[in-house]
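Understanding the architecture of this molecule
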Amino acid sequence: MSETIAYVEVAVNVPAVTEVFHYHLPEALAARVRPGHLVEVPFGKQQVQGVVLRAVAQPGVAETKPVSGLVDEEAALTASQLLLAERQASQSLIPLAAWIRLMLPPGLGQQADTLYERQEPAASRLAYEAGLGEAQRRLLDLLARRGPLRGRQIEAALRHVDWRGAARALTRKGALARRAVLPEPSVSRQQVRTARLALPWEQVEAVLPQVGRAGSPAQARRQAMLRFLANEQKEVDVAWVYAASRGSASDLRRLAELGLVVIGKEETWRDPLEGKAASLSEAPTLTHDQQACWEVIQGRIQAAAAGEAARPILLHGVTGSGKTELYLQAVAETLALGRQAIVLVPEISLTPQTVNRFLARFPGQVGLAHSKLSQGERYDTWRRARAGELSLVVGARSALFTPLPRLGLIVMDECHDDSYYQSEPPFYDARQVASEYAALVKGVYLLGSATPRVSDRRLAESGRMEYLALPARILAHRQAVQAQVEQLGGGSHYRLLEGQAEAIELPEVKVIDMRQELKAGNRSMFSRELQMRLGEALSRQQQAILFLNRRGSATYVFCRDCGYTLRCPRCDLPLTTHVGRRGEGTPAAGSESLTCHHCGYRRKLPSRCPQCGGERIRQYGAGTEKVEAEVQKLFPEARLLRWDFESTRGKDAHELILESFSQHRADVLIGTQMLAKGLDLPLVTLVGVVLADVGLNLPDYRAAERTFQVLTQVAGRAGRSPLGGEVVLQTFQPEHYAIQAAARHDYAAFYRQELAYRSELGYPPFTRLARLEYRHANAVRAESVAHHLAEEIKRWSEVEGRHVEMIGPAPCFYARLAGMYRWQIILRGSDPATVLRGRELGAWRVELEPPSLL
């Protein structure tokens, strides 16, 4: 940008600040700053970071402050990202600065903070310390141990302590000094030390005797260094020099002192995909269904490149139907037109498999972005994308904010998954943001799923999304399992599909009524059928997946005799146990009751089942470790792997577990939600769902939808090869429509019944929701604040004449987390956010269109 700019509008990186501010540019910066630049500016008594939104002809204030400096010479945000951030801020209740922070790589964007340092008090230490409170003592002890700390560091060390009040009191006493600081970015460009010859390579042999005492080990090492550099004839990372010569830094310094070598520095990329290569693959012949879908997708990509607007495309394909191949071809078409693409997957666990497929088709053009990478790796991927050096970025939710200057395609695989929603502030749904982003850049937004959300299918029916279907599963992995097929000696489970490709039926699902297992005397968590099928799969040297349909420690209350689940008479949603606290409208402290976390209905926990009179009313839940122990007891020789939160904390844990299982170094994989994602494992012939009901009975209006989705998805992990497959689904509620539809792989039946249920109860897609949550360490305070805001919302609604239905206030499903009591209010209506815009909500967490009400 050659022209100079006098004034700019800046969004400052300060929490809760929603306004933008005008600054003037000093002469030294006037020709260098443009929209999207990350700058430092004075704000009050402190220096803060901010992003330049635009140039302004005339400032809105009489006196402007100057921009202090540039954080990065290159713009941090593209023009499209700036526009996206501003639109999202106007549509949501999230400040513009928070949206901008999402678009900066970790470590680059910094917020102003306060540095606290301990001072020696003027008064007698003994008398002084006698007057300290507990919080003050803890704060001073922390600073004594660790030295000066910033506010956010203290917050992390003294959680749930009123340390800020203690800090103010200590500052007044002179025991504490504090000052405003703006931390430097914690991430920077990586440079490596390099070496090169300082003389022509032809002269190397002549100088070799001069580099050390004749015959000494040092002379040999240094001669090897010079010969290596002469052979390379370029700048080389010193690590390679050391490895090739067995020399050291002191040897290299000696060669530099002799004028034979020049030591320098060179910038290098931190690329998490460096060294990872996949066998190149060519696009296969498409099936008839794939070709029909591809012709539509290709047409939309070409039209978008010409500047035409495109509706989002919903690709509804059963598991194994070839959706990924259409993603690959869509990316290829986009790149051929000179544009770039983002491919999103819901979980980090899926990225290794997905990345390998795209690396095989687009070598050297793929970047990786997700939260398990180091700060440096994420920063360098961000920089390479910003510079236009990457054609394609693959990653989880946050990859959506990668600054690609020529973005033309966003693919969202497994688009039904809740992982696309950020469940901590700032709250956002990547599905909605991606739709807005694609529209801004005149690109194509392609969503794929075997089990689309009810709301998405409804949008497709209304014409707001384009709907494409892949109803047949494609047979794959013939070569990978040919040896097993021959060993079995029988025919495989596939048939020809219109002479173009082979198709295979979806796996048979056998539903086991666990009530009958109990009546038959089987107290194991595994039915007799699952034990038998698991033994058969192991004897055939095939693999099995055991899946627990649960989220965290979720349990529900049901009768073990008849399977009856205790539900709210007003909402028909499952009731959950709730320990009472003393106070208005609550049971006696310590008493156990059942509560509806949507309408607030309460009742005592019955001693007998209301349906059959049985006395075995229980909460149900099981963990992966318990399942692992049970399998080991039944099949001592089986090799087991767990894939859950505990086993995947390491950086490369997902990839290592998946690789180990893919290489058949384990026979049984045990896990939770991760196993239901788009994994393609040819030797898996059995999937056992240990218990389908836990997720089904969570008190959330989408519980049945999530259960159907996860059961259908995990069933799709079996039978993706000529070996065929089967699924054993254990349940205490075999008659539930979600269970029945999942067992038949019948999305249409589930969709019709679930849509009718949503319409009857007034839930999305027939209405919109806002969820407000308040947390406090004091139970009485949390309840009091919740009731106060509820009264305020009623008043706001009456003043503005807006009809908003309010559910609550009521305790959240997880009523206490990390020592904090949680209360929530649900607003329901055509646009409940309008009642909240412009209101001071303090510590309340506000979500629009939350995927869960738990």
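Conventions adopted
Residues numbered from 1 in each chain as written. Predicted model: local features only at pLDDT ≥ 70, side-chain atom pairs only at ≥ 80, totals over all residues. Heavy atoms only, no water. Pairing = 2+ DSSP bridges. Helix = DSSP H or I, 4+ residues; strand = E, 2+ residues; numbered from the N terminus. Buried < 20%, exposed > 50% of the residue type's maximum accessible area, 1.4 Å probe, protein only. Contact = heavy atoms within 4.5 Å. Polar contact = N/O pair within 3.5 Å; in protein donor to acceptor, adjacent residues only side chain to side chain. Core = buried A, V, L, I, M, F, W, Y, C linked by side-chain atoms within 4.5 Å. pLDDT = per-residue confidence, 0-100.

**Focus on the sheet that holds strand E6 (residues 69-70)**
The six strands are arranged E5-E2-E1-E4-E3-E6 in an open sheet whose pairing can be described as mixed. Across the chains shown, the open sheet's two edge strands, defined by having one partner strand only, are strand E5 (65-66) and E6. Here strand E1 (residues 7-12) runs beside strand E2 (residues 21-24); their pairing, made up of four bridges, is antiparallel. In the sheet register, Tyr7 faces E2, and the bridge partner there is His24.

**Here's the deal with unusual backbone geometry**
With an omega of -5 degrees, the peptide bond between Pro425 and Pro426 qualifies as cis. Looking at the secondary structure, you find Pro426 in the loop between strand E18 (421-422) and strand E19 (428-429). With omega at 5 degrees, the peptide bond leading from Gly808 into Pro809 counts as cis. Structurally, Pro809 is set in strand E36 (residues 805-817). One non-glycine residue, Arg246, lies in the positive phi region at around 60 degrees. Of note, Arg246 is situated in the loop between helix H10 (238-245) and helix H11 (249-257). The class of Arg246 is exposed, set by a relative accessible area of 75%. Of note, the phi angle at Gln541 is positive, near 60 degrees, even though the residue is not glycine. Within the secondary structure, Gln541 is located in the loop between helix H20 (528-539) and strand E25 (543-548).

**A word on the environment of Thr712**
Counting through the fold element by element, Thr712 comes out in helix H24 (residues 703-715). Separated by 29 residues in sequence, Thr712 and Ala741 have C-alpha atoms that sit 8.7 Å apart. What Thr712 contacts, discounting residues up to four positions off in sequence, is Thr319, Thr451 and Ala742. In terms of polar contacts, Thr712 uses its side chain to reach the backbone carbonyl oxygen of Phe708, at 2.8 Å.

**As for the nonpolar core**
Of all hydrophobic cores here, the largest spans 49 residues; its most connected members are Trp99, Ile100, Leu344, Leu400, Ile410 and Met412. What Ile410 contacts, discounting residues up to four positions off in sequence, is Ile342, Leu344, Leu400, Ala434, Tyr437, Ala438, Val444, Tyr445 and Leu446. Ranked by size, the runner-up nonpolar core spans 37 residues in total, among them Val509, Ile657, Phe661 and Tyr757.

**A closer look at the pairing of E1**
Counting buried positions along E1 yields five of six residues, so the element is predominantly enclosed. Bridge count between E1 and strand E4 (residues 46-56): six bridges; the pairing is antiparallel. Following the sheet pairing, Val8 is matched in E4 by Ala55.

**Here's the deal with the confidence of the model for the protein**
Of the residues in the protein, 84% have a pLDDT of 70 or more, and the chain-wide mean is 83. Across the protein, strand E17 (residues 407-412) holds the top mean pLDDT of 97, while strand E22 (residues 494-497) sits lowest at 42. Here residues 487-501 is a poorly scored stretch, pLDDT under 50, and it has 29 contacts once near neighbours within four places are set aside; other chains count. Every residue in residues 551-555 is under pLDDT 50, and counting partners more than four places away or in other chains gives 14 contacts.

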